[in-house]
Amino acid sequence: NAGVTQTPKFQVLKTGQSMTLQCAQDMNHNSMYWYRQDPGMGLRLIYYSASEGTTDKGEVPNGYNVSRLNKREFSLRLESAAPSQTSVYFCASSGHNQETQYFGPGTRLLVL
Amino acid sequence: EDQVTQSPEALRLQEGESSSLNCSYTVSGLRGLFWYRQDPGKGPEFLFTLYSAGEEKEKERLKATLTKKESFLHITAPKPEDSATYLCAVRTALDYKLSFGAGTTVTVRA
C-alpha cells in the first residue's frame, strides 16, 4: 500500500515549456487535490476532484489544467510554464467523507 | 474569508524543553481542525483532527487542544526527532476545502 505517489520528484523547465505532473493513490479514495507550497505561505489549493469525472477550481487555478483520468489518477498540467510557477506541488486524496487528506511526497518544479 | 494564523514562525528548543504552538482561526462554521507534520523535502503527514471546543487528542509527546478561536499543539519533553514543520488547517461546513496556516518550524537540539 503505497498511499499517494507523485512523479516526477524534481523537474526543471524553461519558460514556455509544458509538462504534466502525475499523481496516483491506492486507497480507493473518491476525492483528490492539487496544492502548491511556497516559502512563507500555507499550502494553496489549485484544483480539486470530488469524484471521477468532476473537477473544480481552487484558490489559485490560473495557468493550470487538470484531468481526473480514473478513480486512482489525477494529473496537473502546465501548458506554458512561467517562473511564478516555481514551487513544490503536492497531491492529496481523501475518502468518502472528504475529511482527512493524505499527501504525496511532492514534485519540486523550477521554471527558469 | 477563512483565515488561519500560526505562531511562532520558528521555535528552537532544547531536548526536554516543553512548549506549545498556536493556531488561531477565523472561519464560519468549523467542521474540523487538522494538524500535520512536515519533514524537509517530504509531504505533510496527518497527526490529528479536532472537531469541537474542549476536545483533546494525544500521540506520543504531542497533544492537541481546541477552543472556539484557536488550537494548541503541546510538545512535551521533545526529542530531536520531533524537529519538523507543524501545519494547521481548518475545514468549514460549507465545502471541501482546507485552509492552511504557514506553519511553525520546530528545531529540537540535543
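The rules behind the values
Residues numbered from 1 in each chain as written. Chains lettered and ligands numbered in written order. Predicted model: local features only at pLDDT ≥ 70, side-chain atom pairs only at ≥ 80, totals over all residues. Heavy atoms only, no water. Contact = heavy atoms within 4.5 Å. Buried area = accessible area lost by both parts, 1.4 Å probe. Salt bridge = Lys/Arg side-chain N within 4 Å of Asp/Glu carboxyl O. Polar contact = N/O pair within 3.5 Å; in protein donor to acceptor, adjacent residues only side chain to side chain. Helix = DSSP H or I, 4+ residues; strand = E, 2+ residues; numbered from the N terminus. Core = buried A, V, L, I, M, F, W, Y, C linked by side-chain atoms within 4.5 Å. Buried < 20%, exposed > 50% of the residue type's maximum accessible area, 1.4 Å probe, protein only. Disulfide = S-S within 2.5 Å. Patch = residues over 30% accessible without salt bridge, like charges linked within 9 Å, V, L, I, M, F, W, Y side chains within 5 Å. Areas by Shrake-Rupley, 256 points an atom, 1.4 Å probe, with all protein chains shown as cover.

A.B. asks: So what exactly am I meant to see when it comes to the interface of chain B and chain A here?
C.D. replies: The interface is formed by 19 residues belonging to chain B together with 22 residues belonging to chain A. Contact between chain B and chain A buries roughly 1,600 Å² in total, counting both sides, with carbon and sulfur atoms accounting for 53%. Across the contact surface, chain B and chain A share zero salt bridges. One can count three residue pairs in polar contact (both at pLDDT 80 or more) joining chain B with chain A. Of all elements in the fold, only β4 (30–38), β5 (45–50), β9 (84–92) and β10 (98–100) of chain B reach the threshold of two or more residues within the side of chain B that touches chain A. Among the elements that make up the side of chain B that touches chain A, the one with the highest residue count is β4 of chain B (four residues).

A.B. asks: How should the nonpolar core be read in this particular structure?
C.D. replies: Nonpolar side chains tend toward joint burial in soluble globular proteins. Ranked by internal contacts, the top residues of the largest apolar core, which has 22 residues, are Leu21, Leu33, Trp35, Leu73, Tyr86 and Val106 of chain B. Elements represented by at least two residues in this core include exactly β2 (10–14), β3 (19–26), β4, β5, β7 (62–66), β8 (70–75), β9 and β11 (104–109) of chain B. Ranked by residues supplied to this core, first place goes to β9 of chain B with four residues. Those residues in contact with Leu33 of chain B, other than ones at most four positions away along the chain, are Cys23, Tyr25, Phe48, Thr49, Leu50, Leu66, Ser71, Cys88, Ala89 and Val90 of chain B. Membership of the second largest hydrophobic core comes to 20 residues, among which are Leu13, Tyr47, Cys91 and Val111 of chain A.

A.B. asks: Before we go on, may I ask you to explain the state of the cysteines in this structure?
C.D. replies: As used here, a disulfide is simply a covalent bond connecting the sulfur atoms of two cysteines. Residues and elements named next belong to chain A. Considering all chains together, one arrives at two disulfides over all chains under this definition. There is a disulfide in this structure between Cys23 and Cys91, and the S-S distance comes to 1.9 Å. Where Cys23 bonds to Cys91 through sulfur, the torsion about that S-S bond is close to -75°, and the disulfide is left-handed. With Cys23 in strand β3 (residues 19–25) and Cys91 in strand β9 (residues 87–94), this residue pair connects regions lying 68 residues apart in the sequence. Take Cys91: its relative accessible area is 0%, and that puts it in the buried class.

A.B. asks: Sorry, what's going on with the pattern of salt bridges here?
C.D. replies: Pairing of side chains with opposite charge becomes possible as their charged atoms draw close. Under the defined criterion, the tally for this structure stands at seven salt bridges over all chains. Note that Lys63 of chain B is salt-bridged to Glu56 of chain B, the shortest N-O span being 3.3 Å. Relative accessible area serves as the criterion here: at 48%, Glu56 of chain B is assigned to the partly exposed category. A salt bridge links Arg61 of chain B to Asp82 of chain B, with the shortest nitrogen-to-oxygen separation between them at 2.7 Å. With Arg61 of chain B in the loop between β6 (56–59) and β7 and Asp82 of chain B in the loop between β8 and β9, this pair connects stretches of sequence that are 21 residues apart. Assessed through its relative accessible area of 6%, Asp82 of chain B is described here as buried. Through salt bridges with shared partners, a single ionic network connects Arg36, Asp38 and Arg44 of chain A.

A.B. asks: What should I look at first to understand a nonpolar patch on the surface in this one?
C.D. replies: The grouping of Phe10, Val12, Leu110 and Leu112 of chain A at the surface amounts to a nonpolar patch, some 370 Å² of accessible area in total. Tracing the backbone through its elements, the reader meets Leu112 of chain A in the segment after β11 (107–111).

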